[in-house]
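# Coordinates in review
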Amino acid sequence: MNITFELKSLYVCVKDMERAINFYESLLGQKVTERSDIYSVFDINGFRYGLFANEKMNEDKRWGNNCLPSLEVNDIDLILERLKELDCDIVFPLTVIGENKVLEFTDSEGNDIEITCPLK
């Protein structure tokens, strides 16, 4: 019997929920779908991108486990403008890799996030 898997969600740990929500609302250009002090969610085309305030639940996390959320966009120039407005550190500069433009930045909570955009 085969087991099938489908990735429906992921979450990143945040230290300041309000700051993280503001950051991602600006980055994604949309309002948070579900909001709480512990767990908030953005619905990105049916995919649940969560923000988890692990310290409020006394849940220790080991930082630096190398999980890198990757978001695909259709306009890399617009994202670069938003990242500049949000004063984000670019940790991997815009580079063409295969059929995509790729960059990585650090969000408001210290998480590294990848952005990809197909070459046109």
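Below, the structure is looked at part by part. Predicted model, so just to flag it, every value in this text is computed and none were measured.

Within soluble globular proteins, side chains that are nonpolar tend to cluster in buried spots. Counting residues in each nonpolar core, the largest one holds 24 residues, and the members touching the most others are Tyr24, Tyr49, Leu51, Phe105 and Ile115. Mapped by element, the contributors of at least two residues to this core are helix H1 (17-28), strand E3 (47-52), helix H2 (76-85), strand E6 (100-106) and strand E7 (112-118). No other element matches the 6 residues that H1 contributes to this core. Those residues in contact with Leu51 that lie beyond four places of it in its chain are Tyr11, Val12, Val14, Met17, Ala20, Ile21, Tyr24, Ile38, Tyr39, Ser40 and Phe42.

Another point: the pattern of salt bridges. Taken as a whole and assessed by the stated rule, the structure comprises 6 salt bridges. Between Glu6 and Lys8 there is a salt bridge, with the nearest N and O atoms lying 3.4 Å from each other. One network of salt bridges, in which partners are shared, links Glu18, Glu25, Lys31 and Arg35.

Thresholds applied
Residues numbered from 1 in each chain as written. Predicted model: local features only at pLDDT ≥ 70, side-chain atom pairs only at ≥ 80, totals over all residues. Heavy atoms only, no water. Core = buried A, V, L, I, M, F, W, Y, C linked by side-chain atoms within 4.5 Å. Buried < 20%, exposed > 50% of the residue type's maximum accessible area, 1.4 Å probe, protein only. Helix = DSSP H or I, 4+ residues; strand = E, 2+ residues; numbered from the N terminus. Contact = heavy atoms within 4.5 Å. Salt bridge = Lys/Arg side-chain N within 4 Å of Asp/Glu carboxyl O.

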